[in-house]
Amino acid sequence: METIVITPGNERQSNRVKSMLRAMRIRFTSHTEEREIEVSAAEMEAIDSGLEDMKNGNVMSHHEAKKIFHDAIYKMEP
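The sections below set out a description of the structure shown in this document. What you see as residue numbers is a count from 1 along each chain, following the sequence as written. Restriction of local features to residues with pLDDT of at least 70 applies here, the model being predicted, together with a cutoff of 80 or more for giving and counting side-chain atom pairs; totals for whole chains, interfaces and linings are based on all residues. Based on all heavy atoms of the structure, the side-chain values leave hydrogens and waters out of the count.

### So, the overall build of the protein
Working step 1: Each helix corresponds to a stretch of at least 4 residues labelled H or I by DSSP, and each strand to a stretch of at least 2 residues labelled E; elements are numbered beginning at the N terminus. What the protein contains, in helices and strands, is three helices and zero strands.
Working step 2: The N-to-C order of helical and strand elements in the protein reads α-α-α.
Working step 3: Our radius of gyration is a C-alpha quantity, and the globule rule it is checked against amounts to 2.2 Å times the number of residues to the power 0.38. Against the globule reference of 12 Å for 78 residues, the protein gives a C-alpha radius of gyration of 25 Å, more extended than a compact globule.
Working step 4: Taking the principal axes of the C-alpha coordinates as reference, the protein spans close to 65 × 35 × 20 Å.
Working step 5: Throughout, exposure labels follow a simple rule: accessible area from a 1.4 Å probe, protein chains only, divided by the maximum for the residue type, with under 20% read as buried, over 50% as exposed, and the rest as partly exposed. The buried share of the protein, taken over its 78 residues, is 3%.
Working step 6: Only the protein chains shown count as cover for residues, and all accessible areas are computed by the Shrake-Rupley method using a 1.4 Å probe. Total accessible area on the protein stands at roughly 8,300 Å², and carbon and sulfur atoms take up 55% of it.
Working step 7: Residues counted as positive are Lys and Arg, residues counted as negative are Asp and Glu, and His and the chain ends are not counted. In this description, the location of a charge corresponds to atom NZ of lysine, CZ of arginine, CG of aspartate or CD of glutamate. In the protein, 11 positive and 14 negative side-chain charges are present, and the distance between their average locations comes to 15 Å.

What follows is the structure, given as structure tokens:
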């Protein structure tokens with residue numbers, strides 16, 4: 001058996017697809033996607049802090065961060 005995923009662009013399309021599947025006697029299940037992501041207070045605080053750092057120019061390039069990480073790892077090795 002095959003599974004086919006269809007993502008209608010709006011409610012009208014969704015209703016038409018479901019009607020067509022019913023008329024063809026094809027079993028289907030329908031799930032509504034939640035597009036909101038729940039974020040804890042601590043996570044929100046960390047995000048706000050990071051945005052504030054960006055506004056204040058307290059950032060570094062990916063290359064700089066990678067070098068700091070690399071140096072820290074090799075200092076820990078025996």
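### Thoughts on a nonpolar patch on the surface
Working step 1: For patch building, the residue pool is restricted to those with more than 30% relative accessible area and no salt bridge; the joining distance is 9 Å between like charges and 5 Å between nonpolar side chains (Val, Leu, Ile, Met, Phe, Trp, Tyr). For salt bridges, the criterion is a side-chain nitrogen of Lys or Arg within 4 Å of an Asp or Glu carboxyl oxygen. On the surface, Ile37, Val39, Met44, Ile47, Leu51, Met54 and Val59 cluster together to form a nonpolar patch covering roughly 690 Å² of accessible area.
Working step 2: Turning to its location among the elements, methionine 54 is positioned in helix α2 (residues 41-55).

### Here we look at the environment of aspartate 48
Working step 1: With respect to the helices, strands and loops of the structure, aspartate 48 is situated in helix α2.
Working step 2: For aspartate 48, a relative accessible area of 42% gives the class partly exposed.

### Quick notes on a negative patch on the surface
Working step 1: On the surface, Glu45, Asp48, Glu52 and Asp53 cluster together into a patch of negative charge.
Working step 2: With respect to the helices, strands and loops of the structure, glutamate 52 is situated in helix α2.
Working step 3: Residue class for glutamate 52 comes out partly exposed when judged on its relative accessible area of 40%.

### Re helix α1 (residues 11-23)
Working step 1: An expected span of 1.5 Å times one less than the residue number is assigned to each helix. Counted at 1.5 Å a residue, the expected span for α1 with its 13 residues is 18 Å, and the 18 Å between its end C-alpha atoms agrees.
Working step 2: Looking one or two residues beyond α1, the residue adopting positive phi is arginine 25, at roughly 55°.

### A short note on the pattern of salt bridges
Working step 1: Here the structure, examined in full by the defined rule, presents one salt bridge.
Working step 2: We note a salt bridge from lysine 67 to aspartate 71, for which the minimum N-O separation is 2.9 Å. Highlighted residues: lysine 67 and aspartate 71, both in helix α3 (residues 62-76), separated by four residues, approximately one helical turn.
Working step 3: When its relative accessible area of 49% is taken as the criterion, lysine 67 is described as partly exposed.

### With respect to unusual backbone geometry
Glycine aside, the phi torsion of most residues is negative, and most peptide linkages are trans.
Working step 1: Even without being glycine, arginine 25 reaches a positive phi, approximately 55°.
Working step 2: Look at arginine 25 and you get exposed, because its relative accessible area is 79%.

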